[in-house]
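Results of the structural survey
Spelled out from the first residue to the last, the chains are:
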Amino acid sequence: MGEKMKSLLVSLGAMLLAALLVLPVSAFDPPDTLWTTTHGWDDFDMFYCVEPTSDGGYVMVGDIYYDGDTDLLMAYSDSNGNIIWSHVLGEVSNYETGWCVKETSDGGYIFAGQREDLNHPSNIWLLKTDPSGNEIWSHTYDAGEPSIGHHVKETPDGGFIILGSLVDWNTGEILFLLLKTDADGNQSWLQVLGEQTGFPAGVELTPDGGYMIAGTVYQGETWYQDACLIKTDGDGNEVWQQTYGDFDSEAIRGFEQTSDGGYLMAGTLSPVDSGA
């Protein structure tokens, strides 16, 4: 595995669930922790994504390692972090993990991640469940090169849009990948975007039926980074790309659409000569 792929995966982080709720306080005061909880299932388990649900609870996804296998771990908790149910999904001798989960309009959940085995490179994995986490359908998608599904959102037509990454063996770059499915997870189209190594931070729908992608791209052969926005049409074709960088390194880690139609990005920056 190349150094850039290692950097990509490390930047995702390996974190245990620590759901923190805060009281409304002054911006100058530290927040008050209402509760925090940790959960352990087996030898080594972690969550990469936690999302609030419409009933006030939380749904989580990550992976669990036991008996030599890494399998997808999903769980649901009440509003106080008490686990109501959990499921482990995976096949023997495979590597399966979930990087993102969202509640769907039918009350179930959609999970995006990756699946690979000893004979096949990593493929994007999409998993649909009912409200109790029972599998309804599961699909993997072969992009022709190793790929990972990082983010997923339900689309107005009932399908799903997946933002991921793909390793281009010819150039060594890790590129953005956008994949659209119908409501049953059947692939509609797949587009590879960008020309330089990047880390996808999120995807949002735009009013014209297209998509807005946020992420971080590396500056040439250096490890300095720039914030990046990519606008596509409804078929995933790139309309424009804009990078933002006034410092040595800017990295986007979070991306959300705001109620006024704008976009909010959050991340980190390293000013010139800061040593950060």
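Please read all numbers here as calculations on a predicted model, not as lab measurements.

Our focus in this paragraph is the sheet that holds strand 10 (residues 160-167). Strand pairing within a sheet occurs via backbone hydrogen bonds; the two strands may be parallel or antiparallel. Taken in spatial order, the 4 strands of this open sheet run 9-10-11-12, and their pairing is antiparallel. Of all the strands in the sheet, just strand 9 (147-154) and strand 12 (187-193) have a single pairing partner and so form its edges. Taken over all neighbouring pairs, the strand axes of this sheet differ in orientation by 20° on average, direction set aside. Relative to strand 12, strand 11 (residues 174-181) runs antiparallel, the two being bridged by 6 bridges. Bridging across to strand 12, K180 finds its partner in W189.

A separate point is the pattern of salt bridges. As a working rule, side chains carrying opposite charge can pair if their charged atoms are close by. Under the defined criterion, the tally for this structure stands at 6 salt bridges. E204 is paired through a salt bridge with K153; the nearest N and O atoms lie 3.6 Å apart. One end of the pair, E204, is in strand 13 (residues 198-205); the other, K153, is in strand 9, and 51 residues separate them in sequence.

Take the pairing of strand 7 (residues 120-129) next. Counting buried positions over the 10 residues of strand 7 gives 8, a clear majority of the element. Note: strand 6 (residues 109-117) against strand 7, 8 bridges, orientation antiparallel. Along strand 7, the bridge assignment pairs Y109 with T129. The loop that links strand 6 with its antiparallel partner strand 7 comprises 2 residues. Sheet analysis places strand 7 next to strand 8 (residues 135-141), joined by 6 bridges and oriented antiparallel.

In this section: the sheet that holds strand 13. Strand order in the open sheet made by the 4 strands is 13-14-15-16, with antiparallel pairing throughout. Looking at the sheet topology across the chains shown, the edges are occupied by strand 13 and strand 16 (238-244). Looking at each pair of strands side by side, their axes are set apart by 20° on average, direction ignored. Pairing between strand 13 and strand 14 (residues 211-218): 7 bridges, direction antiparallel. Across the sheet, the residue bridging to V203 is I213, located in strand 14.

With that settled, consider the confidence of the model for the protein. The share of residues in the protein with pLDDT of 70 or more is 84%, and the mean pLDDT across the chain is 83. When the elements of the protein are averaged for pLDDT, helix 1 (residues 3-12) gives the smallest value, 37, and strand 9 the largest, 96. Predicted confidence for residues 1-25 stays below pLDDT 50, and this span has 61 contacts to residues more than four positions away or in other chains.

Enumeration according to the criterion identifies 2 cavities of 30 Å³ or more in this entry. Considered as a void within the structure, the largest cavity measures approximately 40 Å³ in volume. I174, L175, F176, L193, G194, E195, Q196, G198, V217, C228, I230 and Q241 together form the lining of the largest cavity. At the level of elements, strand 11 and strand 15 (225-232) are the ones that each hand at least two residues to the lining of the largest cavity. No other element matches the 3 residues that strand 11 contributes to the lining of the largest cavity. Class assignment of the residues belonging to the lining of the largest cavity gives a composition of 7 nonpolar, 4 polar and 1 charged.

So, on to a nonpolar patch on the surface. A contiguous nonpolar patch, built from V239, W240, Y244 and M265 and spanning about 360 Å² of accessible area, is present on the exposed surface. At 3 residues, strand 16 tops the list of elements feeding residues into the nonpolar patch. Among the secondary structure elements, M265 is positioned in strand 18 (residues 263-270). In this structure M265 comes out as partly exposed when scored by relative accessible area, which is 31%.

So, how was this worked out
- Residues numbered from 1 in each chain as written.
- Predicted model: local features only at pLDDT ≥ 70, side-chain atom pairs only at ≥ 80, totals over all residues.
- Heavy atoms only, no water.
- Pairing = 2+ DSSP bridges.
- Helix = DSSP H or I, 4+ residues; strand = E, 2+ residues; numbered from the N terminus.
- Axes fitted to C-alpha atoms, helices over the stretch in contact; angles between N-to-C directions.
- Salt bridge = Lys/Arg side-chain N within 4 Å of Asp/Glu carboxyl O.
- Buried < 20%, exposed > 50% of the residue type's maximum accessible area, 1.4 Å probe, protein only.
- pLDDT = per-residue confidence, 0-100.
- Contact = heavy atoms within 4.5 Å.
- 1 Å grid on protein atoms, 1.4 Å probe; cavity = no way out; pocket = protein on both sides within 12 Å on 5 of 7 lines; lining within 4 Å.
- Points joined across faces, edges and corners; volume = space filled by probe spheres on them.
- Nonpolar A, V, L, I, M, F, W, Y, C, P; charged D, E, K, R; others polar.
- Patch = residues over 30% accessible without salt bridge, like charges linked within 9 Å, V, L, I, M, F, W, Y side chains within 5 Å.
- Areas by Shrake-Rupley, 256 points an atom, 1.4 Å probe, with all protein chains shown as cover.

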